[in-house]
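# Structural characterization, general
Single-letter residue listing:
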Amino acid sequence: MTERDMSELTAPARRPYKIGYAPGAYDLFHIGHLNILRHARSQCDYLVAGVVSDEMAEVAKGRRPVIPLVERLEIVRSVRYVDAAFVETVPDKVETWRQVRFDVIFKGDDWRGTPKGDRLEKDFAAHGVDVVYFPYTVHTSSTQLRRALDALAEPPAAEQRG
């Protein structure tokens with residue numbers, strides 16, 4: 001991330017959107033999640049965080065979250081940048097939009113230029129909803145945290161041979 005990128009993210013709040021939506025699993029909540037929510041809130045008057053259900057996360061990522069939905073929901077609801085939390089139970093973001101009615105959806109820039117990101121932009125353009133990307137936090141991710149936890153749970157090589 002360049003200094004210019006950082007200055008744009010830390011600039012005084014410009015709130016071009018009324019209702020923003022920031023979906024995610026929010027498993028193993030970390031600084032990347034907080035950054036997305038903070039930056040999203042700076043762009044809208046009211047921020048809804050979409051927390052995917054355990055079943056949806058399993059379908060999308062091939063595994064259930066470490067932290068159960070009810071706990072992830074409480075964590076996300078407690079973040080001061082979040083005005084409301086919504087449980088996502090369907091994979092179709094347009095269907096979620098029909099339920100929540102947001103003006104903008106926020107995603108990490110790891111989605112930009114991907115087939116999923118391109119489809120998201122196309123689907124929402126038809127409904128007048130903008131897609132805004134924020135820098136992905138490369139050095140911390142739930143996947144990396146999960147790998148570290150898995151490594152700690154594995155017995156040392158000497159015990160495995162035993």
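Everything discussed here concerns the structure shown above.
Residues numbered from 1 in each chain as written. Predicted model: local features only at pLDDT ≥ 70, side-chain atom pairs only at ≥ 80, totals over all residues. Heavy atoms only, no water.

### Focus: the layout of surface pockets
Put simply, the rule reads: Buriedness of a pocket was judged along seven lines, with at least five required to meet protein on both sides within 12 Å; pockets are open sets of points on a 1 Å grid over the protein atoms alone, cavities are sets where a 1.4 Å probe fits but cannot get out, and lining residues have an atom within 4 Å of a point. Grid points are joined across faces, edges and corners, and a volume is the space filled by probe spheres set on the points. Numbering of helices and strands starts at the N terminus; helices are DSSP runs of H or I of at least 4 residues and strands are runs of E of at least 2. Amino acid classes used here: Ala, Val, Leu, Ile, Met, Phe, Trp, Tyr, Cys and Pro are nonpolar; Asp, Glu, Lys and Arg are charged; the rest, including Gly, are polar.
There is about 1200 Å³ of room inside the largest pocket. Looking at the largest pocket, it is lined by 40 residues, and the ones nearest its centre are G24, K61, K107, W111 and K116. For the lining of the largest pocket, the secondary structure elements donating two or more residues are β1 (17-24), α2 (31-41), α3 (54-61), α5 (93-100), β4 (104-108), α6 (115-125) and α7 (142-153). Looking at side-chain class alone, the lining of the largest pocket contains 18 nonpolar, nine polar and 13 charged residues.

### Some details on α2
For the record, the criterion: Here the term buried applies to any residue with accessible area under 20% of the maximum for its type, exposed to any over 50%, and partly exposed to those in between, with areas from a 1.4 Å probe on protein chains only.
Among the eleven residues in α2, eight count as buried, and that is most of the element. The set of residues buried in α2 consists of G32, H33, N35, I36, L37, H39, A40 and R41.

### Observations regarding the pairing of strand β5 (residues 130-134)
The two faces of the sheet receive side chains in turn, since in a regular strand these alternate between them. Note the following rule: Should DSSP find at least two bridges between two strands, the strands are regarded as paired. Look down the strands so they point away from you; if going from the first strand over the helix to the second traces a clockwise path, that crossover is right-handed.
The buried fraction of β5 amounts to four of the five residues, a majority that puts the element mostly inside the structure. Strand direction decides the pairing type here: β4 and β5, joined by five bridges, are parallel. Residue pairing for β5: F106 is matched across the bridge by V132. At this point the chain moves from β4, through α6, to the parallel β5, and the crossover so formed is right-handed.

### Digging into the pattern of salt bridges
Note the following rule: What makes a salt bridge here is a side-chain nitrogen of Lys or Arg within 4 Å of a carboxyl oxygen of Asp or Glu, nothing more.
With the rule as written, the count across this model stands at seven salt bridges. With a shortest N-O distance of 3.6 Å, R64 and D54 are connected by a salt bridge. Residue R64 is located in the loop between α3 and α4 (69-77), and its partner D54 is located in helix α3; the two are separated by ten residues in the primary sequence. For R64, a relative accessible area of 38% puts it in the partly exposed group. Ionic pairing is found between K93 and E88, a salt bridge with its closest N-O pair at 2.6 Å. Three or more residues are tied together by salt bridges with common partners; here these are D54, E55, E58, R64 and R72.

### Here's the deal with the packing of aromatic side chains
Stated precisely, the cut-off is as follows: A pair of Phe, Tyr and Trp rings is counted when the ring centres sit within 6.5 Å of each other, with Trp represented by its six-membered ring. The angle between the planes then sorts it: under 30 degrees is stacked, over 60 is edge-to-face, the rest tilted. The criterion for a charge sitting over a ring is simple: Lys NZ or Arg CZ within 6 Å of the ring centre, and within 35 degrees of the ring normal.
Tallied over the entire structure, the rule returns four aromatic pairs. Between Y21 and F102, the aromatic rings sit 4.6 Å apart at their centres with planes inclined by 5°, giving stacked as the arrangement. Of the two residues, Y21 is situated in strand β1 and F102 in the loop between α5 and β4; the sequence distance between them amounts to 81 residues. With a centroid separation of 5.7 Å and 65° between ring planes, the pair formed by F102 and F124 is classed as edge-to-face. Remark: F124 occurs in helix α6 and F102 occurs in the loop between α5 and β4; sequence separation between them is 22 residues. Taking relative accessible area as the criterion, F124 reaches 0% and is therefore assigned buried. A cation over an aromatic ring shows up here: R101 above the ring of W97, its NZ or CZ 4.3 Å from the ring centre.

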